[in-house]
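The lines below spell out each chain.
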Amino acid sequence: SQQGEEDPQALSIQEGENATMNCSYKTSINNLQWYRQNSGRGLVHLILIRSNEREKHSGRLRVTLDTSKKSSSLLITASRAADTASYFCATALAHNTDKLIFGTGTRLQVFP
Amino acid sequence: DVKVTQSSRYLVKRTGEKVFLECVQDMDHENMFWYRQDPGLGLRLIYFSYDVKMKEKGDIPEGYSVSREKKERFSLILESASTNQTSMYLCASSLGRRGNIQYFGAGTRLSVL
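Because the structure is predicted, anything quoted here is derived from the model rather than measured.

A.B. asks: Summarise the overall build of chain A; cite the residues concerned and give the values.
C.D. replies: In terms of helices and strands, chain A carries zero helices and 11 strands. Along chain A, helices and strands appear, N-terminal first, in the series β-β-β-β-β-β-β-β-β-β-β. Expected size for 112 residues packed as a compact globule is a radius of gyration near 13 Å; at 13 Å, chain A falls within 12% of this value. The C-alpha extent of chain A, read off along each of the three principal axes, is 45 × 25 × 20 Å. Relative to its full complement of 112 residues, chain A shows a buried share of 46%. When contacts within chain A are restricted to residue pairs at least 6 apart in sequence, long-range pairs at least 24 apart make up 56% of them.

A.B. asks: Give a detailed account of the pairing of strand β7 (residues 61–66) of chain A, specifying residues and quantitative values.
C.D. replies: Residues and elements named next belong to chain A. In β7, alternate side chains face the same way, and those of Leu61, Val63 and Leu65 are buried while those of Arg62, Thr64 and Asp66 on the opposite face are not. Sheet topology note: the strand β6 (residues 55–58)/β7 ladder contains four bridges and is antiparallel. From the neighbouring strand, His57 faces β7, where its bridge partner is Arg62. In this antiparallel pair of consecutive strands, β6 and β7, the connection spans two residues, and Gly59 shows a positive phi of 60°. Both β7 and strand β8 (residues 71–76) contribute to a ladder of six bridges, which runs antiparallel. Considered in β8, the bridge of Leu61 is made with Ile76. Count of turn residues in the β7/β8 antiparallel hairpin: four residues, of which Lys70 carries a positive phi of about 50°.

A.B. asks: An account of the state of the cysteines is requested, with residue identities and associated values reported.
C.D. replies: Residues and elements named next belong to chain B. Per the stated rule, a full pass over the model turns up two disulfides over all chains. Across the disulfide from Cys23 sits Cys91; the S-S distance is 1.9 Å. Classification of the bridge connecting Cys23 and Cys91 rests on its S-S torsion, roughly -80°, and on that basis the disulfide is left-handed. Here Cys91 lies in strand β9 (residues 87–94) and Cys23 lies in strand β3 (residues 19–25), a separation of 68 residues in the sequence. Across the pair, exposure class does not vary: Cys23 and Cys91 are buried alike.

A.B. asks: Summarise the layout of surface pockets; cite the residues concerned and give the values.
C.D. replies: Computed from the structure, the largest pocket encloses a volume of approximately 690 Å³. As for the largest pocket, its lining consists of 28 residues, and the residues nearest its centre are Gln37(A), Ser86(A), Phe88(A), Arg107(A) and Gln37(B). Residue assignment for the lining of the largest pocket shows that the elements contributing at least two residues are β2 (10–14), β9 (85–93) and β11 (106–111) of chain A together with β4 (31–38) and β9 of chain B. With four residues, β11(A) is the single largest residue contributor to the lining of the largest pocket. Looking at the lining of the largest pocket residue by residue, the classes come out as eight nonpolar, 16 polar and four charged.

A.B. asks: For the sheet that holds β3(B), give the residues involved together with the corresponding values.
C.D. replies: Residue and element names in this part refer to chain B. Strand order in this open sheet of four strands is β1-β3-β8-β7, and the pairing throughout is antiparallel. Each having just a single partner strand, β1 (4–6) and β7 (65–70) make up the two edges of the open sheet. Averaged over all pairs of adjacent strands, the angle between strand axes in this sheet comes to 20°, irrespective of strand direction.

A.B. asks: Would you mind going over the interface of chain A and chain B in detail, with residue names and values included?
C.D. replies: By convention, interface size is frequently given as the accessible area that disappears when the constituent parts associate. Contact with chain A, which involves 20 residues of that partner, is made by 24 residues of chain B. Around 1,800 Å² of area is buried between chain A and chain B when both sides are counted, 49% of it from carbon and sulfur atoms. Our enumeration of links across chain A and chain B arrives at zero salt bridges. On the surface where chain A and chain B come into contact, there are four residue pairs in polar contact (both at pLDDT 80 or more). Residue assignment for the side of chain A that touches chain B shows that the elements contributing at least two residues are β4 (29–37), β5 (43–50), β9 and β10 (96–102) of chain A. Residue classes in the side of chain A that touches chain B are distributed as seven nonpolar, 10 polar and three charged.

What counts and how
Residues numbered from 1 in each chain as written. Chains lettered and ligands numbered in written order. Predicted model: local features only at pLDDT ≥ 70, side-chain atom pairs only at ≥ 80, totals over all residues. Heavy atoms only, no water. Helix = DSSP H or I, 4+ residues; strand = E, 2+ residues; numbered from the N terminus. Rg over C-alpha atoms; globule rule 2.2 N^0.38 Å. Buried < 20%, exposed > 50% of the residue type's maximum accessible area, 1.4 Å probe, protein only. Contact = heavy atoms within 4.5 Å. Pairing = 2+ DSSP bridges. Disulfide = S-S within 2.5 Å. 1 Å grid on protein atoms, 1.4 Å probe; cavity = no way out; pocket = protein on both sides within 12 Å on 5 of 7 lines; lining within 4 Å. Points joined across faces, edges and corners; volume = space filled by probe spheres on them. Nonpolar A, V, L, I, M, F, W, Y, C, P; charged D, E, K, R; others polar. Axes fitted to C-alpha atoms, helices over the stretch in contact; angles between N-to-C directions. Buried area = accessible area lost by both parts, 1.4 Å probe. Salt bridge = Lys/Arg side-chain N within 4 Å of Asp/Glu carboxyl O. Polar contact = N/O pair within 3.5 Å; in protein donor to acceptor, adjacent residues only side chain to side chain.

Written as structure tokens, this is what we have:
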């Protein structure tokens, strides 16, 4: 399996509900980032969490990082239809920060 | 705001053609990247560059080359396009080499017939 794998692959919820996406990775990281991609468009950076951080917030987003389990989660609270998109985690490896390694993404559908 | 501009949103080319995908960023970023994105495979790195005239192979460089003659411009070249290079191509840039945030263009959807 790849360095970054998101779970679930797809998620459907109603507006107002919370959405949780998970990311697992294999090797030690410098930081982990979450990106959003609207259909047919480029990726937009959401949040970055460093390896020595455990939790970070940005608006309705909450990211946690557990380096002992090599996993991260992205929580979107009070989801809106406009949150419908694909979400990707990306890791910068501890021994090679020249590039990011992206997972395969979670496709989130929020129904009005 | 950082702006990364890809020259075309959609391209249709024929097998065997030489194809140029252009990317320009306006924030004086050192690093630039080319990815391709296919359903179920996520983003895969083709090439990246951390300075003018410097390039590094990514995970899937076969069939591609790149050019970076100026800091703001990074070109992806398909020397002889093939049908298996039909994909979405994404360009990105970042400041520095410490796993920093990447800024993406809108993407080029290339179809090779």
